[in-house]
Amino acid sequence: MWRLPGVYRPQEDSHLLAGALDRAAAPPGAKVLDFCTGTGFIAVSAAMSGAGSVTALDIAPRAVLAARLNARSRKLPIRVVRGGLDEAGRHGPFDVVLSNPPYVPHDADSGDARWDAGADGRAVLDPLCAGLPNLLSPGGFALVVHSEFSGVGETLVRLRDGGLKASVVARRRVPFGPVMRSRAGYLRTRYELPAGVDTEEVVVIRADRTHCP
C-alpha cells in the first residue's frame, strides 16, 4: 500500500477489520462506505472481495491522495472523497459501512485529529454511532473497530439505542502501536493501568439495520 507521511499505517486493527469483513460475507455487488479510510486499505479489501462500488472518505488531504493512488494502481472501482459524516450522507445509503476511526484517548493539551479522539477516545465514535442508522440501507450492516480504552460497552449501547442490532464479532489483544505508546502516560493515569501494561484489546463491532429507524 502507498502511504504518505502522516497517514495512518495499516496495523493490527486494520487487519482485524479486514478479517471481519471477509467473514461477514457481504452480498456481491454491495454498495460500501469506508469511513476514515487512511491509505484506503479497507476500501481496497472491500473492492477486492466483490463490492459493486466503494466510497472512501477521509478528512485528511494526504489520506485522500494515498487512497486514490492505491485504488488507481489496482484499477479498482473506488471513489475517494474528502469529508466527514455529512459528506458520507450525500453518497448513501450503503449496504455496508466499514470504519477504523480515530479512537486514541489523549490529553487535552495535545492531539492529532488523524488518530486522537478526545479525552475518552469517542470524538468520532459517538457521531458515527448516531449517524449509522441513516447511513445504512435496510438489511445493511456496519463493522467498526476500536480499542477497549474507547468504551466498547458505550458503543454497543449507542448503536442499540439507534435501533441497530449490535455485537462484538472479533477481538484481539495486541501490543500498543506507535500512537498508543506515545499516549501511554495519559492512558496509565486515566485508566489506572499497572506499570508494565503495554497491550490493548482491539474489537470489531457489527451493527445491523434490521428495520427502518
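Notes on the structure follow. (Residues numbered from 1 in each chain as written. Predicted model: local features only at pLDDT ≥ 70, side-chain atom pairs only at ≥ 80, totals over all residues. Heavy atoms only, no water.)

1. Looking at unusual backbone geometry
This is how it is decided: Put simply, DSSP H or I for four residues or longer makes a helix, DSSP E for two residues or longer makes a strand, and each gets a number counted from the N terminus.
The omega angle of the peptide bond from Gly92 to Pro93 is 0°, so this bond is cis rather than trans. Inspection of the secondary structure assignment puts Pro93 in the loop between helix H4 (85-91) and strand E4 (94-99). Of note in the backbone geometry, Lys75 takes a positive phi value of approximately 55° without being a glycine. Along the chain, the position of Lys75 falls in the loop between helix H3 (61-73) and strand E3 (78-82).

2. Looking at the pattern of salt bridges
Pairing is possible between side chains that carry opposite charge, provided their charged atoms lie close to one another. Rule in force here: Salt-bridge detection follows one rule: a side-chain nitrogen of Lys or Arg within 4 Å of a carboxyl oxygen of Asp or Glu. For every residue, the accessible area (1.4 Å probe, protein chains only) is compared with the maximum for its type, and the residue is labelled buried under 20%, exposed over 50%, or partly exposed between those bounds.
Tallied over the full model, the rule gives 8 salt bridges. Notably, a salt bridge pairs Arg173 with Glu148, separated by 3.1 Å at the nearest N-O pair. Of the two residues, Arg173 is situated in strand E6 (residues 165-175) and Glu148 in the loop between strand E5 (136-147) and helix H6 (152-161); the sequence distance between them amounts to 25 residues. For Glu148, a relative accessible area of 31% corresponds to the partly exposed category. Of the charged contacts in the structure, one is a salt bridge between Glu201 and Arg171, with a shortest N-O distance of 2.9 Å. Of this pair, Glu201 sits in strand E7 (residues 199-208) while Arg171 sits in strand E6, placing them 30 residues apart in sequence. Salt bridges here are not isolated pairs; linked through shared partners, they connect Arg122, Asp126, Glu154 and Arg158.

3. Section: the sheet that holds E3
Defined as follows: Strands are treated as partners if at least two bridges between them are detected by DSSP. As a rule, the C-alpha atoms of each element are fitted with a line to give its axis, helices using only the stretch in contact, and angles between N-to-C directions run from 0 to 180 degrees. Note on contacts: a residue pair is in contact if any heavy atoms of the two residues lie within 4.5 Å.
Taken in spatial order, the 7 strands line up as E3-E2-E1-E4-E5-E7-E6 in an open sheet, and their pairing is mixed. Here the strands that pair on one side only, and so sit at the sheet edges, are E3 and E6. Ignoring strand direction, the axes of neighbouring strands in this sheet form an average angle of 15°. In this sheet, E5 lies alongside E4 in parallel orientation, the contact comprising 5 bridges. Bridge assignment links Val96 to a residue of E5, and that residue is Phe141. Those strands touched by helix H2 (residues 41-48) are strand E1 (31-35), strand E2 (53-58), E3 and E4, and its axis lies near 175° from that of E2. Against the sheet, helix H5 (residues 125-135) contacts E1, E4 and E5, and its axis sits at roughly 165° relative to E5.

4. Details of the packing of aromatic side chains
Filter applied, for reference: Two rings from Phe, Tyr or Trp (for Trp, the six-membered ring) form a pair when their centres are within 6.5 Å of each other. A pair whose planes differ by under 30 degrees is stacked, one over 60 is edge-to-face, and the rest are tilted.
Scanning all chains against the criterion turns up 2 aromatic pairs. Both rings, one in Phe149 and one in Phe176, keep their centres 6.2 Å apart while their planes meet at 65°; by these two values the pair is edge-to-face. With a gap of 27 residues between them, Phe149 in the loop between E5 and H6 and Phe176 in the loop between E6 and helix H7 (178-182) connect regions that are remote in the sequence. Residues Phe149 and Phe176 agree in their burial class; the two are buried.

5. Topic: the packing of helix H1 (residues 12-24) against H2
To keep things clear, this is the line we draw: Note that the term roughly parallel is reserved for angles under 35 degrees, roughly antiparallel for angles over 145, roughly perpendicular for angles of 65 to 115, and oblique for everything else. A crossing counts as left-handed when the near helix is turned anticlockwise from the far one by less than a right angle, and as right-handed when that turn is clockwise. The nonpolar class holds Ala, Val, Leu, Ile, Met, Phe, Trp, Tyr, Cys and Pro. Asp, Glu, Lys and Arg form the charged class, and all remaining residues, Gly among them, are polar.
Where H1 contacts H2, the axes come no closer than 10 Å and their chain directions differ by 20°. Our classification of the angle between H1 and H2 gives roughly parallel. Of the two elements, H1 crosses H2, and the hand of that crossing is right-handed. Of the residues in H2, those in contact with Ser14, His15, Leu17, Ala18 and Leu21 of H1 are Phe41, Ile42, Ser45 and Ala46. The residue inventory of the contact of H1 with H2, partitioned by class, reads 6 nonpolar, 3 polar and no charged.

6. Here we look at a nonpolar patch on the surface
For clarity, the cut-off: Here, patches come from residues exposed beyond 30% relative accessible area and free of salt bridges, joined within 9 Å for like charges and within 5 Å for nonpolar side chains (Val, Leu, Ile, Met, Phe, Trp, Tyr). Using a 1.4 Å probe, accessible areas were evaluated by the Shrake-Rupley method; residue-level cover was limited to the displayed protein chains.
Together, Trp2, Leu65 and Leu69 give the surface a local cluster of nonpolar side chains, amounting to about 320 Å² of exposed area. Considering the arrangement of structural elements, one finds Leu65 in helix H3.

7. Observations regarding the packing of H5 against H6
Their axes nearest at 8 Å, the elements H5 and H6 cross at an angle of 25°. Comparing the axis directions of H5 and H6 gives the class roughly parallel. For the pair H5 and H6, the sense of crossing is right-handed. Residues Asp126, Cys129 and Leu132 of H5 pack against Thr155, Arg158 and Leu159 of H6. Looking at side-chain class alone, the contact of H5 with H6 contains 3 nonpolar, 1 polar and 2 charged residues.

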